[in-house]
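# Descriptive structure summary
Here are the chains, one letter per residue:
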Amino acid sequence: MERNVDLYYSEKSASGTNTDPVIEQFVIYPNPAIDHFSFRLPSSIQQAQFELYNSAGILVLKGKLDNDSPVQVGSLIRGLYTYRIFSDKNLHTGKISLK
């Protein structure tokens, strides 16, 4: 018996976060960081902003991103932080460790 099956493809993940390939090109370095880190933005991104949250979910730092410009974090408590990068309609999140 032959059955027809319809398959559908979507660029969205189950969480609803945009998984557009351009978002996957964000790079944060060095990780772990000591007193600073930088974001490398895709060439297609002209403007972006970031937010940095501590392990309790409290916003501890935010600002405008310039490609490869250092973000100073030497005054923050060492630990694991979550970052969010906003550009146009895209959102990228990740973790960074401060040592």
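Residues numbered from 1 in each chain as written. Predicted model: local features only at pLDDT ≥ 70, side-chain atom pairs only at ≥ 80, totals over all residues. Heavy atoms only, no water.

### Overview of unusual backbone geometry
For the bond running from Y29 to P30, omega is -15°, close enough to zero to count as cis. Summarising the element assignment, P30 is placed in the loop between β1 (27–29) and β2 (36–40). Here the bond from N31 into P32 is cis, since omega is 15°, no more than 30 degrees from zero. With respect to the helices and strands, P32 occurs in the loop between β1 and β2. With phi around 65°, D68 is a residue other than glycine that occupies positive phi space. (Helix = DSSP H or I, 4+ residues; strand = E, 2+ residues; numbered from the N terminus.)

### Some details on the packing of aromatic side chains
Tallied over the entire structure, the rule returns three aromatic pairs. Ring geometry for F39 and F50: centres 5.8 Å apart, planes at 40°, overall tilted. Within this pair, whereas F39 is found in strand β2, its partner F50 is found in strand β3 (residues 48–53), the two being separated by eleven residues in sequence. Residue classification places F39 among the buried residues on the basis of a relative accessible area of 1%. Taking 5.4 Å as the distance between ring centres and 70° as the angle between the ring planes, the aromatic pair formed by F39 and Y83 counts as edge-to-face. Residue F39 is found in strand β2, and its partner Y83 is found in strand β6 (residues 79–87); the two are separated by 44 residues along the sequence. With a relative accessible area of 6%, Y83 lands in the buried category. Connected via pairs of aromatic rings, a cluster forms that spans F37, F39, F50 and Y83. (Phe/Tyr/Trp six-rings, centres within 6.5 Å; stacked < 30°, edge-to-face > 60°. Buried < 20%, exposed > 50% of the residue type's maximum accessible area, 1.4 Å probe, protein only.)

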